[in-house]
Amino acid sequence: MKILIAEDDALILNTLEFRLKKDGHEIITAIDGREALEKIEEHRPDLIISDIMMPYVSGLEIIGTVKEKYKDEMSIIILTTMGQEEVVLEAFELGADDFISKPFSPSELSIRIKRFALRKK
Amino acid sequence: MIQLKPLIYLFFGTSLVLLIYMLVILYIKNINREKYKRWSKICNNIINNTVYSDDINVKNHQKSIESLLLIKTFRKLITKKILSATISFSGNSNNSLRKLYLHLHLDKYVIENLNVKNWHIKAKAIQEIGIMKLESMYDKVYKNTNHKNELVRAEAQIAIIKLVGFKGLKFLDSVTQPISEWYQMILLRELSHFDYDSFNGVDVWLKSKNTSVVIFALKLVDEYHLFELYKEVELCIYHSDENVRQQTIKTITKIFNNSTSNLFTKIFESEVFSNKIVIAKSLQEIGTDDDIPFLINQLQTENIQLKTVLTRTIAKINPNNFETICKELNPDIYPMNLIILQIKEEIRI
Amino acid sequence: MSWQSLFFEIFSYGIMMYSLILIISYIFIGVYSIGETKHYLNKNSFTDYNAISSSSKAPRVSIIAPAYNEGATIIENVRSLLSLHYNNLELIIVNDGSKDDSLEKLIDKYDLYKTSYFVNSQIKTKPVKGVYKSRKLIYRKLIVVDKENGGKADALNTGINISSYEYAVCVDVDCILEQDSLLKLVKPFLENTTKKVIATGGVIRIANSCVIENGRLIQVNLPKKFLPRVQTLEYIRAFLLGRMAWSRLNGLLLISGAFGAFDKEIAIKCGGYDTETVGEDIELVVRMRRYMEELELPYKVSFIPDPLCWTEAPDNFKILGRQRNRWTRGTIETLKIHKKMFFNPDYGILGLLSYPYWFFFEFLAPIIEFFGLISLAFFAYFGMINWTYFINLLLMVFSFGILYSVFAILMEVLTYNQYKKKSEILKLVLTAMLEPIFFHPFVVYSAIRGNIDYLRKKKSWGEMTRTGFGTTNKTPKS
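Residues numbered from 1 in each chain as written. Chains lettered and ligands numbered in written order. Predicted model: local features only at pLDDT ≥ 70, side-chain atom pairs only at ≥ 80, totals over all residues. Heavy atoms only, no water.

## Notes on the overall build of chain C
- When helices and strands are counted, chain C shows 14 helices and twelve strands.
- Structurally, chain C occupies a C-alpha span of about 80 × 45 × 45 Å along its principal axes.
- Taking all 478 residues of chain C together, 65% fall into the buried category.
- In chain C, 81% of the contacts between residues at least 6 apart in sequence involve partners at least 24 apart. (Helix = DSSP H or I, 4+ residues; strand = E, 2+ residues; numbered from the N terminus. Buried < 20%, exposed > 50% of the residue type's maximum accessible area, 1.4 Å probe, protein only. Contact = heavy atoms within 4.5 Å.)

## Details of the interface of chain A and chain B
- Every contact between the two is made by 15 residues of chain A and, on the other side, 17 residues of chain B.
- Summed over the shared surface of chain A and chain B, the result is zero salt bridges.
- Taken together, the links from chain A to chain B amount to four residue pairs in polar contact (both at pLDDT 80 or more).
- No other element matches the eight residues that helix 1 (residues 10-22) of chain A contributes to the side of chain A that touches chain B. (Salt bridge = Lys/Arg side-chain N within 4 Å of Asp/Glu carboxyl O. Polar contact = N/O pair within 3.5 Å; in protein donor to acceptor, adjacent residues only side chain to side chain.)

## Things to note about a positive patch on the surface
Residue and element names in this part refer to chain B.
- Where like charges cluster on the molecular surface, the positive patch consists of Lys72, Lys76, Lys80 and Lys124.
- Considering every element that reaches the positive patch, the biggest residue donor is helix 3 (residues 72-88), with three residues.
- One can find Lys80 in helix 3.
- For Lys80, a relative accessible area of 62% corresponds to the exposed category. (Patch = residues over 30% accessible without salt bridge, like charges linked within 9 Å, V, L, I, M, F, W, Y side chains within 5 Å. Areas by Shrake-Rupley, 256 points an atom, 1.4 Å probe, with all protein chains shown as cover. Lys, Arg positive; Asp, Glu negative; His and termini not counted. Charge placed at Lys NZ, Arg CZ, Asp CG, Glu CD.)

## Digging into the UniProt feature "modified residue: 4-aspartylphosphate" (unreviewed entry) in chain A
All names here are of chain A.
- Taking the numbering used here, the UniProt-annotated feature "modified residue: 4-aspartylphosphate" (unreviewed entry) corresponds to Asp51.
- If you trace the backbone, Asp51 turns up in strand 3 (residues 47-51).
- In contact with Asp51, other than residues within four places in its own chain, are Ala6, Glu7, Asp8, Gly59, Leu79 and Lys102. (UniProt positions renumbered as here; feature names shortened; annotations may be inferred.)

## Description of empty space enclosed by the protein
- For the structure shown, the criterion picks out nine cavities of 30 Å³ or more.
- Volume-wise, the largest cavity comes out at about 200 Å³.
- What lines the largest cavity is a set of 18 residues, and nearest its centre among them are Ser58 and Leu60 of chain A together with Leu82, Ile138 and Lys141 of chain C.
- Considered class by class, the residues forming the lining of the largest cavity number ten nonpolar, four polar and four charged. (1 Å grid on protein atoms, 1.4 Å probe; cavity = no way out; pocket = protein on both sides within 12 Å on 5 of 7 lines; lining within 4 Å. Points joined across faces, edges and corners; volume = space filled by probe spheres on them. Nonpolar A, V, L, I, M, F, W, Y, C, P; charged D, E, K, R; others polar.)

## Here's the deal with the sheet that holds strand 11 (residues 259-263) of chain C
Residue and element names in this part refer to chain C.
- Across the sheet, which stays open at both edges, the ten strands sit in the order 3-4-5-2-1-6-11-8-12-7 with mixed pairing between neighbours. Among the strands making up the open sheet, the edge pair consists of strand 3 (112-115) and strand 7 (176-177).
- In terms of strand pairing, strand 8 (residues 196-206) meets strand 11 through three bridges, oriented antiparallel. The partner of Thr200 across the bridge, within strand 11, is Ala261.
- The strands touched by helix 7 (residues 226-248) are strand 8 and strand 12 (299-311); relative to strand 8, the strand with the most contacts, the crossing angle is about 155°. (Pairing = 2+ DSSP bridges. Axes fitted to C-alpha atoms, helices over the stretch in contact; angles between N-to-C directions.)

## Points about the packing of helix 10 (residues 317-337) of chain C against helix 13 (residues 422-455) of chain C
All names here are of chain C.
- Between helix 10 and helix 13, the shortest axis-to-axis distance is 8 Å and the interhelical angle comes to 50°. Judged on the interaxial angle alone, helix 13 and helix 10 are oblique. Handedness of the crossing formed by helix 10 with helix 13: right-handed. In this structure, helix 10 uses Phe317, Leu320, Gly321, Arg324, Asn325, Thr328, Arg329, Ile332, Glu333 and Lys336 to contact helix 13, whose residues at the interface are Phe438, Phe439, Phe442, Val443, Ser446, Ala447, Arg449, Gly450, Asn451, Asp453 and Tyr454. (Parallel < 35°, antiparallel > 145°, perpendicular 65-115°, else oblique. Left-handed = near helix turned anticlockwise from the far one by under 90°.)

## Topic: the UniProt feature "transmembrane region" (unreviewed entry) in chain C
All names here are of chain C.
- Following the UniProt record, the feature "transmembrane region" (unreviewed entry) maps to residues 15-35, 357-383, 389-413 and 425-448 here.
- With 100% helix and 0% strand, residues 15-35 has end C-alpha atoms that lie 31 Å from one another.
- Spanning residues 357-383, this segment combines 93% helix with 0% strand, and its end C-alpha atoms are found 35 Å apart.

## A look at a nonpolar patch on the surface
- Residues Leu16, Ile20, Val24, Tyr27, Ile28 and Ile31 of chain B make up a contiguous nonpolar surface patch of roughly 590 Å² in combined accessible area.
- Within the secondary structure layout, Ile20 of chain B lies in helix 1 (residues 5-52).

## Quick word on the nonpolar core
- Membership of the largest hydrophobic core comes to 309 residues, with the highest contact counts inside it found for Ile49 of chain A, Ile78, Leu169, Leu172 and Leu220 of chain B together with Ile93 of chain C.
- For this core, the element with the highest residue contribution is helix 12 (residues 387-414) of chain C, accounting for 14 residues.
- Apart from residues lying up to four places away in sequence, Leu169 of chain B is in contact with Ile161, Leu191, Phe199, Trp205, Phe216 and Leu220 of chain B. (Core = buried A, V, L, I, M, F, W, Y, C linked by side-chain atoms within 4.5 Å.)

## Looking at the pattern of salt bridges
- The full count for this structure, using the stated rule, is 42 salt bridges over all chains.
- In this structure, Arg19 of chain A and Asp23 of chain A form a salt bridge, with 3.8 Å as the shortest nitrogen-oxygen distance.
- Asp23 of chain A gets classed as partly exposed once you look at its relative accessible area, which sits at 27%.
- As a salt-bridge pair, Lys187 of chain C and Glu191 of chain C come within 2.7 Å of each other at their nearest N and O atoms. In this pair, Lys187 of chain C and Glu191 of chain C are both assigned in helix 6 (residues 181-191), four residues apart and thus about one turn of the helix distant. Each member of the pair, Lys187 of chain C as well as Glu191 of chain C, carries the same accessibility label: buried.

## Looking at the interface of chain B and chain C
- If you look at the interface, chain B gives 49 residues, while chain C gives 55 residues.
- In total, about 4,800 Å² of surface goes out of reach between chain B and chain C, with carbon and sulfur atoms giving 73% of it.
- Counting across the chain B and chain C interface gives one salt bridge.
- Two residues, Asp48 of chain C and Arg189 of chain B, come together in a salt bridge whose shortest N-O distance is 2.7 Å.
- On inspection of chain B and its partner chain C, the count reaches eleven residue pairs in polar contact (both at pLDDT 80 or more).
- Those elements giving two or more residues to the side of chain B that touches chain C turn out to be helix 1, helix 6 (119-131), helix 8 (150-164), helix 9 (181-192), helix 17 (304-317) and helix 19 (336-348) of chain B.
- A per-element tally of the side of chain B that touches chain C places helix 1 of chain B first, with 17 residues.
- Residues belonging to the side of chain B that touches chain C are distributed by class as follows: 30 nonpolar, eight polar and eleven charged. (Buried area = accessible area lost by both parts, 1.4 Å probe.)

## What about the side chain of Ser212 of chain B?
- Among the structural elements, Ser212 of chain B can be located in helix 11 (residues 211-223).
- If we ignore the near neighbours within four places in the chain, the residues touching Ser212 of chain B are Gln177, Pro178, Ile179 and Gln184 of chain B.

## A look at the sheet that holds strand 1 (residues 2-6) of chain A
Residues and elements named next belong to chain A.
- The parallel open sheet is built from five strands, whose spatial order is 2-1-3-4-5. Since the sheet does not close on itself, it has two edges, and those belong to strand 2 (26-30) and strand 5 (98-102), each with one partner. In this sheet, neighbouring strand axes are inclined to one another by 20° on average, regardless of whether the strands run parallel or antiparallel.
- Pairing between strand 1 and strand 3: four bridges, direction parallel. Each residue of the ladder has a partner; that of Ala6, found in strand 3, is Ser50.

## Notes on the packing of aromatic side chains
Residues and elements named next belong to chain C.
- Applying the stated criterion across every chain yields a total of 45 aromatic pairs over all chains.
- Ring centres of Phe8 and Phe11 lie 6.5 Å apart, and the angle between their planes is 35°; this geometry places the pair in the tilted category. One end of the pair, Phe8, and the other, Phe11, are both in helix 1 (residues 3-44), three residues apart, so they sit about a helical turn from each other.
- Arranged with centres 4.8 Å apart and planes meeting at 65°, the rings of Tyr26 and Tyr404 form a pair that is edge-to-face. You can see Tyr26 sitting in helix 1 and its partner Tyr404 sitting in helix 12, a full 378 residues away along the chain. Both residues of the pair, Tyr26 and Tyr404, belong to the buried class.
- An aromatic cluster is present here, built from Phe7, Phe8, Phe11, Phe378, Phe379, Tyr381 and Phe382 joined pairwise through their rings. (Phe/Tyr/Trp six-rings, centres within 6.5 Å; stacked < 30°, edge-to-face > 60°.)

## Looking at the environment of Leu252 of chain C
All names here are of chain C.
- Inspection of the secondary structure puts Leu252 in the loop between helix 7 and strand 11.
- For the pair formed by Leu252 and Lys300, sequence separation is 48 residues and the distance between their alpha carbons is 8.9 Å.
- If near-sequence neighbours (up to four positions away) are discounted, Leu252 is found in contact with Arg243, Trp246, Ser247, Val285, Arg289, Val301 and Phe303.

Structural data, given as structure tokens:
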């Protein structure tokens, strides 16, 4: 599966990339919202994992834009911080498919992604 | 007249000394920057491997950086990186990171730092203990929960919660120093990482002499919907501090019963302006048709902000009937005409 | 003794004493600021800002950004402001009667519609023509206000009237803000337990020659041109030393108009920004402080040494002169409005220290310098000048100026170290040496012009509404 990860925390971005590549996915990374939007255009990933708080274009705006343009062609998992139920609700209203809150377990994320991959097939 | 020459020499001389000092610092900083880049790579690699392998080879890592670990700045760097990774990941990865931390014997230094007089080193050490969950240090940390330095005690309070969860709240029994809004927010966030576990003492904290403890206790009631404390919370509405009263209004709205809106209408007149607004907003959530006459009555206020909030409350209590009620609100006279227009648009959305 | 020589004696002693007092106060400011900066950096080193970036319990903040003929960049600017790391916010763009297509662009891009929002004019302003909101859910934090032209202060007041949140953050729409700038600016309001924080401000830095892409700062560079570079030095001195010292004394008078946060309730109670002055940013802070002093409530104005906001500085003498002229008038007007506080013990530090400092060293300094020069010519004509002594005095002031600048640069290197290359630092030091000769006289000249314009009662804000307010008050005075 082709996955785009948008996250401004380099540590999380690196570790996610490392793990998901190991799982056999094709990974595209973006360190801010604008880069993410550009790369989504360019690579058309199957799945987007995006942080909510990101420089320049927020995760919410990415959801809005992607869901308007590509409908269900792409799934979106958002990364949030604990205790921001309101933001999660907002993300779902905009069309996010799933969310994971930080701190998160990489293994759990890995499993959730497998589920998305199955659904795609 | 004062001799100026010595002053001139002094000023020029000092400038020169500062300039040289500055260049040396810049030189060192630039060298360090390169070194940090290298070190950073090493650390990231270790952490990546730790986070994503279920069975980590800590021994190997330790070997590879053994000599580096003797350098203080390197230890600081890797500690910082491990800490930030530990915050970001949970589950197995989190455990592996803690294992890594202990294997590298980084905890040895945290104990040293904890006993330092310097407040920021001490506070940072306490923070580290909390994040790495070094339970053996509980007592040492607990002692600092009422420390006179704000950061030390705040970090100690947070660390205690991280170590033992809800049970840790017992520091509220004895804390006499204020807890700032900022740290109250962080404490609540820390608690949210734990599954709710019933805890005792809220009734005592609600009566604390420390107003920030009272406010925090009210927030706990709010967050965890402690309906059983309604009576105790109700008493706080007569507290002498207006911030306490404001939080009480917010909290009681969350655990309201049939008599709550009555209580609000009773205290409304005597409250300060900002609390009036909060009451009016709260009634949007819990008000009933019975409160509408009271709200209409209050619309006589000259204050437009209050008028707007009150009108919104009336509309939200019974949106379907708003059109009819409007007739009683002087809908043709400024500013009610405009307020009603705005509110109508709001409830339509 | 003839009257000339008596006059001359008084003159030389006066200038001498003035210089020494000035130097002593600068030394005090320099030394005193170190503690505050150190304390902040130590504290900041383990602050977890994530705690409030996305929390729904974080205080609610209204960003107010006035815009006048910003059509060229408005879309990018708004986008950049919308993506700041802070969830609990509303963004109010006040279109101050722009003559270009700013409003149309915004309506088009963000799918805006006109609401029947009722503006509660707690502060009197020019009429509002319309309040717009977006039909799109993702832009629900955006409010665009269209109003008749009334100048920057009037636009900010309109924003305050419309804002529904507790804190108002006023920004220049063309400023480049760091992602976490709001978090840092809001934090002091939540921190103090004994004093009410009424306003906070952060450091403004100069963006000339920096690499900027799509409203984001990519790389920091020292300005290549002399003028912006001197201003960089000025800003470092003023923000890193001056403001930090005043903040520690709790005597800070100025939160820059380019980026500052206010407790909205108090700002409204004070009547908002004064539209009659060109120094609306300093005037508001002074008025808010005065209000708190008069009610005898404990309060604080906080200042954050982090570079939070980047802005373009004027790079030619014409615009710079106009800017300094305006700052001078703003200072005079503010001092005049609040003259009651001059050495008035009822106003504590504000009356006994801050106000007199501004009066003697901000307002009077250029005037004294100017008249000093005239008198000098006069005495030289009568052959009364002891040239060695005079040159020594000049050298002393000059050497101290350099010392102070070098010290400021050193503090910069030790703390934020934005300019990392050795060549950049050396250029800054060289600039410090050139400043007194090539830049300072112009500043004095502009200040004198400001005084003259003030005396002529030039209606300056009329001119301001014509020229827009893109480059107004980012005031870096100390």
